[in-house]
Amino acid sequence: MGANSSSFNELSTNEYLKRLSSPEPINPIDPYWNQLLSFSFLIPINSSDGKLLEESTSSICKGVAINNCKSGNFGALIRNFLVRATELKASVQCEDNIFTWQTYNALFIIRSLSKYFVEHLSEELILQQFEAKPKEMGGYKDPEEMGPLLEELMNSLVEMLVDVPVMNFTYALHLEALNTLLVLMSIQMFQPQPAHKFTVYQIMMQGRCSIHACVLVKVLLRNFCNQEKCPPELYRQSSDMNSMVASVAASLWSVMTLGMGAKTEKKEEEFQETLLANQSLLFLLVLTNHCTGERGVSNPYREALFSFTNIHEESSVSQVAATFKMDYNLLFSALCSTLRDDQTTLLLYLLIHRNSGVKAFIFSRTNIDQLVMPLLKILYNAQDKNSHHIYMALIILLILSEDDVFNKAVHEITLKNIPWFKERPISEISLGGLLILVVIRTIQYNITRMRDKYLHTNCLAALANMSAQFTGLHPYVAQRMVSLFSQLSKKHARVVDQIRESAVTETDNEDPSEQNLMADLAVLEEVLRMVLEILNSCLAASLHHNPHLIYSLLYQRELFNSFKTHPTFQDILQNIDIVLSFFSARVEEHGKGSNLSPSEVLEVIKEGSVQFRRDKLKKFPDLKFKYVEEESPEEFFIPYVWSLVYHASNMYFNASRILLFSLSAS
């Protein structure tokens, strides 16, 4: 570090770093800082290298932690950075790349040291590191209006994000500001207590930072929407490597790709990552998912996210005063293009669940398939996704299915040749038909592998909401709906047999396995009942629009015989039996002893659909399910958000010290 360090091995013996970690106080305005901050070396380009860097500098970080209470050098470094940050806007206006680079380097060292403190020290000791300063500061005094150093640093970083424009030579600085804030707030991962009790969260939620809440949320969303790729000058090396700016570029890029890629030299296209968008989104999720349930603790970032409006619409009189406006079109495009990522799916959930303006806008889209298709692909590839991601995608579909306009629209959008759907080739199908196929597949996957009641309840609730609007179901969709009932009924029969066998060999002691079987039976019967209700709802509301479903039901009519006298299913099966008896009689009448071809049977069904009187069917309540967020949502969302930061932030965190979540479950 300093003039031109180039190797990890050299860092622990670097004279500038050793002086920083020594008990010797360094004045915040000492020329030493300019020398320290003029470093240029290729730092990590993947998480393994990130780990190696931390191991190489652990003695330095430990030295700072031990000696800083005497030297105050960590505070001096922060004070040096704060002076630079104050002057930063002027340097940006005159494009002073060198000044920006040195400011960036200062922040990188602050982040690295803060990360060591957060992972190794208690909150009390961390705060002592920020406030430590020598008795004499060599004539340097803090301004009278200066508050606690941690708050000054965090507020400076927030102001940097909202005031300094994102340009090619400030891109890395914005990224490092986000990384530093994430590191400071990552204390939640390492110490088990509610977020609102941590000083760093109190500063963000109630301190000077909170004044910028609306603007900061707007900036973070704008960064996400822009999906700006890393500027090429940050990774292209100049032929003149003695040029200061060339070494600046090499240093900036190498530092900010911490946790990215492989150690070998990379091709240019591999660097085209939207790093700022990713980091902005992760920080936004951290801000908005903490301090949500405590009385007396408001979260201004969460309020801003849930209340911003569309820039293309007039403000209503009832609009909350402290909101901002954004281009919903840009937001919708960014959401659709990045829904493969957990973090985007979580953002979409928050917006569609809590921001009424965004929700209404999404429902008004004629290209809703751009949003639904990535969600279906997440569910289709469930075996490759974590359970949290699957839940989020399912809950979003459930919320969408609460709207009748959506339920109708999905059957009016035609899709051709879906490359990722491998079950069988389908040249053409409606979006609604594909949605049904994928959700049924998810139910079947869950029943055979995961046995998660919450998952299949949400799946069935979404199908139930849509069932009255099922229209023009593809033959394969109709087959899969009936085969779902067939699969469930076979499983039901097996469980009943096992219970009977268990009863025969019953002992005086209560058998836990029998209790499990009874619980399985109850869940199965609940699922079977819902499948029958979905079939009945479709037949009662749109029988004439779904001849292929009637055909499939007729073809496997005997499936329902064993359930006709079952008290759980008797009433609903009476309706289905009325429909099947009517069409069975029509088919027999037209056949008159001869076997009709499938196309002839289908024609008979279509003709009969016009004549069938739906008033013969017993009226059941409309199937309407509404998503309700469970109590204490923080218990789910906080570990989830930090697991996303751990896996997707391009930063290395020491897994052995994480207490908030287990990596096997993240």
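Note that the coordinates shown come from a computational prediction; the quantities given were computed from them, not determined experimentally.

Rules of the game
- Residues numbered from 1 in each chain as written.
- Predicted model: local features only at pLDDT ≥ 70, side-chain atom pairs only at ≥ 80, totals over all residues.
- Heavy atoms only, no water.
- Helix = DSSP H or I, 4+ residues; strand = E, 2+ residues; numbered from the N terminus.
- Buried < 20%, exposed > 50% of the residue type's maximum accessible area, 1.4 Å probe, protein only.
- Contact = heavy atoms within 4.5 Å.
- Areas by Shrake-Rupley, 256 points an atom, 1.4 Å probe, with all protein chains shown as cover.
- Axes fitted to C-alpha atoms, helices over the stretch in contact; angles between N-to-C directions.
- Parallel < 35°, antiparallel > 145°, perpendicular 65-115°, else oblique.
- Left-handed = near helix turned anticlockwise from the far one by under 90°.
- Nonpolar A, V, L, I, M, F, W, Y, C, P; charged D, E, K, R; others polar.
- Salt bridge = Lys/Arg side-chain N within 4 Å of Asp/Glu carboxyl O.
- Phe/Tyr/Trp six-rings, centres within 6.5 Å; stacked < 30°, edge-to-face > 60°.
- Lys NZ or Arg CZ within 6 Å of the ring centre and 35° of its normal.
- Polar contact = N/O pair within 3.5 Å; in protein donor to acceptor, adjacent residues only side chain to side chain.
- Expected span 1.5 Å × (residues − 1).
- Bend = angle between axes of the 7 residues up to and from the residue.
- pLDDT = per-residue confidence, 0-100.

A. Representation of the overall build of the protein. Looking only at helices and strands, the protein has 29 helices and four strands in total. By residue count, 56% of the 666 residues in the protein fall in the buried class. A sequence separation of at least 24 residues applies to 75% of the contacts in the protein between residues at least 6 apart. Element-wise, carbon and sulfur atoms account for 50% of the exposed surface of the protein, whose accessible area totals about 29300 Å².

B. View of helix H15 (residues 300-307). Burial within H15 is extensive, with seven of its eight residues counted as buried. Among the residues of H15, Pro300, Tyr301, Arg302, Ala304, Leu305, Phe306 and Ser307 are the ones counted as buried. The elements touched by buried residues of H15 are helix H11 (199-206), helix H12 (213-226), helix H14 (275-288), strand E1 (309-310) and helix H17 (342-354).

C. Here's a closer look at the packing of helix H9 (residues 171-185) against H14. Across the interface, H9 lies against H14 with an axial gap of 10 Å and an inter-helix angle of 30°. When the axis of H9 is compared with that of H14, the two are roughly parallel. Here the hand of the crossing between H9 and H14 comes out left-handed. Between H9, through Tyr171, His174, Leu175, Leu178, Asn179, Leu181, Leu182 and Met185, and H14, the contact on the second element is made entirely by Leu275, Leu276, Gln279, Ser280, Leu282, Phe283, Val286 and Leu287. Classifying every residue of the contact of H9 with H14 by side-chain character gives twelve nonpolar, four polar and no charged.

D. The arrangement of unusual backbone geometry in detail. The phi dihedral of Gln227 is positive, around 45°, even though this residue is not glycine. Residue placement: Gln227 occurs in the loop between H12 and helix H13 (244-256).

E. Molecular detail of the pattern of salt bridges. Scanning the entire structure with this criterion turns up 16 salt bridges. Two residues, Arg208 and Glu152, come together in a salt bridge whose shortest N-O distance is 2.9 Å. Taken as a pair, Arg208 in the loop between H11 and H12 and Glu152 in helix H8 (residues 149-163) lie far apart in primary sequence, 56 residues in all. Arg441 is the salt-bridge partner of Glu423, the closest N and O atoms lying 3.2 Å from each other. With Glu423 in the loop between strand E3 (414-416) and strand E4 (428-430) and Arg441 in helix H22 (residues 431-450), the pair connects residues that are 18 residues apart, well separated along the chain. A relative accessible area of 23% means that Arg441 is categorised as partly exposed.

F. Main features of the packing of aromatic side chains. On inspection of all chains with the given rule, the structure shows 24 aromatic pairs. Taking the centre distance of 5.8 Å and the plane angle of 50° together, the rings of Phe636 and Tyr640 count as tilted. Linking Phe636 with Tyr640, this pair stays in helix H29 (residues 634-648), spanning four residues, or about one helical turn. Of the aromatic side chains, those joined through ring pairs into one cluster are Phe308, Phe324, Tyr328, Phe332 and Phe361. The cationic tip of Arg365 hangs over the ring face of Phe361; the distance from NZ or CZ to the ring centre is 3.9 Å. Directly above the aromatic system of Tyr380 lies the positively charged group of Arg441, at a separation of 3.9 Å from the ring centroid.

G. Broad picture of the environment of Asn14. Along the chain, Asn14 falls in the loop between helix H1 (8-11) and helix H2 (15-20). As for Asn14 and Thr57, which are separated by 43 residues in sequence, their C-alpha atoms are 9.9 Å apart. One polar contact links the side chain of Asn14 to the main-chain amide nitrogen of Tyr16, over a distance of 2.9 Å.

H. How the structure looks around helix H5 (residues 73-93). Taking 1.5 Å of rise per residue, the 21 residues of H5 would be expected to cover 30 Å, and the 30 Å separating its terminal C-alpha atoms lies within 8% of that figure. At Glu87, H5 shows its largest bend, some 45°. Within H5, 15 of the 21 residues are buried, leaving the element largely enclosed by the surrounding structure. Positive phi shows up at Glu95, right after H5, with a value of about 55°.

I. Up close: the confidence of the model for the protein. Put simply, the protein has an average pLDDT of 86, and 86% of its residues get 70 or more. Confidence drops under pLDDT 50 across residues 2-6; counting only partners more than four residues distant or on other chains, this segment forms 18 contacts. In this model, residues 237-271 is a region of pLDDT below 50 whose contacts with residues beyond four sequence positions or in other chains number 77 contacts.

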